Amino acid sequence: MSKKAAFTSDLDFCPECGSILPLPGLEDVVTCRNCQYQIDVTEFDGVEIHSKVTFNKRENKSVPQTEEEYTGPTADRKCAKCGNEGMIFTTRQTRSADEGQTVFYTCPVCRAQETEYS
């Protein structure tokens, strides 16, 4: 039932346009969804199809529990919650590149967090 192909390829791909072919079903032919090229299902005899679903593993991010676990550069900034002088900070580019960075402050004493959009 199949016509002359434009090129040769694996049975996973359409020999006419190169698109990925759907898996054989109950029909007598496998039809390419892109160009309607048809291949007889008997050409798939003996072909084993193996598939596997893999999920990404969840990462457990630990929150620092003690004052010693909070590390990083410190800024001369007073904590609004407990009044401690000196907060640890990190910066991230959370908006477009032509805008300033976002500064995240964390108090090493009470763990209060503040954000500054510069």
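That block above? That's the structure.
Scoring rules and cut-offs
Residues numbered from 1 in each chain as written. Predicted model: local features only at pLDDT ≥ 70, side-chain atom pairs only at ≥ 80, totals over all residues. Heavy atoms only, no water. Pairing = 2+ DSSP bridges. Helix = DSSP H or I, 4+ residues; strand = E, 2+ residues; numbered from the N terminus. Axes fitted to C-alpha atoms, helices over the stretch in contact; angles between N-to-C directions. Buried < 20%, exposed > 50% of the residue type's maximum accessible area, 1.4 Å probe, protein only.

Participant: Teacher, can you tell me more about the sheet that holds strand β6 (residues 113-117) here?
Facilitator: The strands making up a sheet associate through hydrogen bonds between their backbones, and the pairing can be parallel or antiparallel. As summarised here, the arrangement of the 4 strands in space is β3-β4-β5-β6, forming an open sheet in which the pairing is antiparallel. The open sheet has two edge strands, β3 (74-78) and β6, and neither has a second partner. Direction aside, neighbouring strands of the sheet carry axes that sit 40° apart on average. Looking at chain direction, β3 and strand β4 (residues 85-92) are connected through 3 bridges and run antiparallel. Bridging from a neighbouring strand, Lys78 pairs with Glu85 of β4.

Participant: Hey, could you run me through the pairing of strand β5 (residues 102-106) in this one?
Facilitator: Within a regular beta strand, the side chains point alternately toward one face of the sheet and then the other, so they alternate between its two faces. By the criterion of burial, β5 is predominantly enclosed, with 4 of the 5 residues buried. The pairing of β4 with β5 spans 5 bridges and is antiparallel. Pairing of Arg92 across the sheet is with Thr102, part of β5. Here β5 runs beside β6; their pairing, made up of 5 bridges, is antiparallel. In the strand pairing of β6, Thr106 is matched with Gln113. Here β5 folds back onto β6 in antiparallel fashion, the turn holding 6 residues, of which Arg111 has a positive phi close to 65°.

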